[in-house]
Amino acid sequence: MDEQKETLRVGSAVRRRRRQLELTLAVVAERSGLSVPFLSQVENERARPSRRSLQRVADALLTTDVELLAAADPACTVDLMRADEGDGEGSSPDDASRVRNLVRGHHQLHAIEFTGDHDEGREFQHRNDELMYVVGGAVEVEAEGRAYRLGRGDSLYLTGGVRHRWRATVPDSQVLVVAVADHIEALDGSRR
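These notes cover the structure that comes with them. (Residues numbered from 1 in each chain as written. Predicted model: local features only at pLDDT ≥ 70, side-chain atom pairs only at ≥ 80, totals over all residues. Heavy atoms only, no water.)

**Quick look at the overall build of the protein**
Phase 1: Scanning the protein for helices and strands turns up 6 helices and 8 strands.
Phase 2: When the helices and strands of the protein are listed from N to C terminus, the series reads α-α-α-α-α-α-β-β-β-β-β-β-β-β.
Phase 3: Residues classed as buried in the protein amount to 44% of the 192 residues present.
Phase 4: Looking at the protein alone, contacts between residues at least 24 apart form 64% of all its contacts between residues at least 6 apart. (Helix = DSSP H or I, 4+ residues; strand = E, 2+ residues; numbered from the N terminus. Buried < 20%, exposed > 50% of the residue type's maximum accessible area, 1.4 Å probe, protein only. Contact = heavy atoms within 4.5 Å.)

Set out below in C-alpha cells:
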C-alpha cells in the first residue's frame, strides 16, 4: 500500500473526531498551534501531517495519534506487517528517530516501535494498560515520581492512568510499546 496515500487518509479521521467533539477548525488550530488552512488541508487530504503535527492535532482532539491513524485504517482479521512497512518516519529529515505502527487498523491492541529518541519532554497518560519492552539499547522511564532504567530485554508494565515520560539513553535504542487501545474502556473504578 502506498505510504503517502495511507498517511493522507488520516484526514477523514481527524474531521470525524473534531465533529464528534463539536469543535471548529479555529478551536483545534488554537489548541494545537497549527494554522486553520493547514488543518483544513489535512482534513481534506491535501496535506500530509508530520508525526509531530499529528500528535499536536491528536492532543487538541483529546485523543492520540495512534487512535487517529487506527480510525483511518480498516481493521483486518489477519495482517502481516513487514519490517520495511509502516509509518516509519522521523520528525525531520535530519532526525534519526523513527516511529512505526506494528498493528494497522482499529483493534483492541496497539503496538508501536520507537527507534532512536523522541520528544522526551512529552508526558503520556493512557486510559489503559501498556507494556514497554526494550529491544535494543537503553531507556529511562519516569513514572509516579521514580526513574526506571531499562536495558535490552527489560520490560516495564504501566497501569492505565499512570503519567509517564521516557527517553533513550543510548543512540538508536529500540523500544516496543504494546497497549490496550484507548477506545476500549478497560479501567475499573478502583484503579483510577
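Additional details are given in the paragraphs that follow.
**Examining the packing of helix H3 (residues 25–32) against helix H4 (residues 36–43)**
Phase 1: Two elements in contact, H3 and H4, have axes whose closest approach is 9 Å; the angle formed by their N-to-C orientations is 110°. Judged on the interaxial angle alone, H4 and H3 are roughly perpendicular. Read as a crossing pair, H3 and H4 show a hand that is right-handed. The residues of H4 that touch H3, namely those facing Leu25, Ala26, Val28, Ala29 and Ser32, are Val36, Leu39, Ser40 and Glu43.
Phase 2: Classifying every residue of the contact of H3 with H4 by side-chain character gives 6 nonpolar, 2 polar and 1 charged. (Axes fitted to C-alpha atoms, helices over the stretch in contact; angles between N-to-C directions. Parallel < 35°, antiparallel > 145°, perpendicular 65-115°, else oblique. Left-handed = near helix turned anticlockwise from the far one by under 90°. Nonpolar A, V, L, I, M, F, W, Y, C, P; charged D, E, K, R; others polar.)

**Some words on the packing of aromatic side chains**
Phase 1: Here the structure, examined in full by the defined rule, presents 1 aromatic pair.
Phase 2: Taking the centre distance of 5.2 Å and the plane angle of 75° together, the rings of phenylalanine 114 and tryptophan 166 count as edge-to-face. Remark: tryptophan 166 occurs in strand S7 (residues 164–168) and phenylalanine 114 occurs in strand S2 (residues 109–115); sequence separation between them is 52 residues. As far as the burial class goes, phenylalanine 114 and tryptophan 166 line up, both buried. (Phe/Tyr/Trp six-rings, centres within 6.5 Å; stacked < 30°, edge-to-face > 60°.)

**Side note on the sheet that holds S7**
Phase 1: Spatially, 3 strands are ordered S5-S4-S7 in an open sheet, and the strand pairing comes out antiparallel. In the strand order of this sheet, the two ends are held by strand S5 (146–151) and S7, each with one partner. Geometrically, the sheet is characterised by an average inter-axis angle of 20° between neighbouring strands, direction not taken into account.
Phase 2: By the bridge criterion, 5 bridges tie strand S4 (residues 138–143) to S7 in an arrangement that is antiparallel. Bridge pairing links glutamate 140 to arginine 167 in S7. (Pairing = 2+ DSSP bridges.)

**Thoughts on the sheet that holds strand S6 (residues 155–158)**
Phase 1: Read across the open sheet, the 5 strands follow the order S1-S2-S8-S3-S6; overall the sheet is antiparallel. Because the sheet does not close on itself, it has two edges, and the strands there are strand S1 (98–101) and S6. Each strand axis lies, on average, 20° off the axis of its neighbour in the sheet, ignoring direction.
Phase 2: Where S1 lies against S2, 4 bridges are found, and the strand directions are antiparallel. Counterpart to asparagine 101 in the pairing with S2 is isoleucine 112.

**Brief notes about the packing of H3 against helix H5 (residues 51–60)**
Phase 1: It is at 8 Å that the axes of H3 and H5 come closest, and there the two elements cross at 115°. Regarding H3 and H5, the two cross each other, and that crossing is right-handed. Listed contacts from H5 to Val28, Arg31 and Ser32 of H3 are Arg56, Val57 and Ala60.
Phase 2: Across the contact of H3 with H5, the residue classes tally to 3 nonpolar, 1 polar and 2 charged.

**Points about the nonpolar core**
Phase 1: With 18 residues, the main nonpolar core has Phe114, Met132, Val139, Val141, Trp166 and Val175 as its most contacted residues.
Phase 2: Those elements that place two or more of their residues in this core are S2, strand S3 (130–136), S4, S6, S7 and strand S8 (174–180).
Phase 3: For this core, the leading source of residues is S4, giving 3 residues.
Phase 4: Dropping the residues within four chain positions of it, phenylalanine 114 is found in contact with Arg98, Val99, Trp166, Ser173, Gln174, Val175 and Val177. (Core = buried A, V, L, I, M, F, W, Y, C linked by side-chain atoms within 4.5 Å.)

**Things to note about the pairing of S5**
Phase 1: With 6 bridges joining them, S4 and S5 adopt antiparallel strand pairing. Paired with glutamate 140 across the strands is arginine 149, a residue of S5.
Phase 2: Between the end of S4 and the start of S5, which pair antiparallel, lie 2 residues, with glutamate 144 showing a positive phi angle near 50°.

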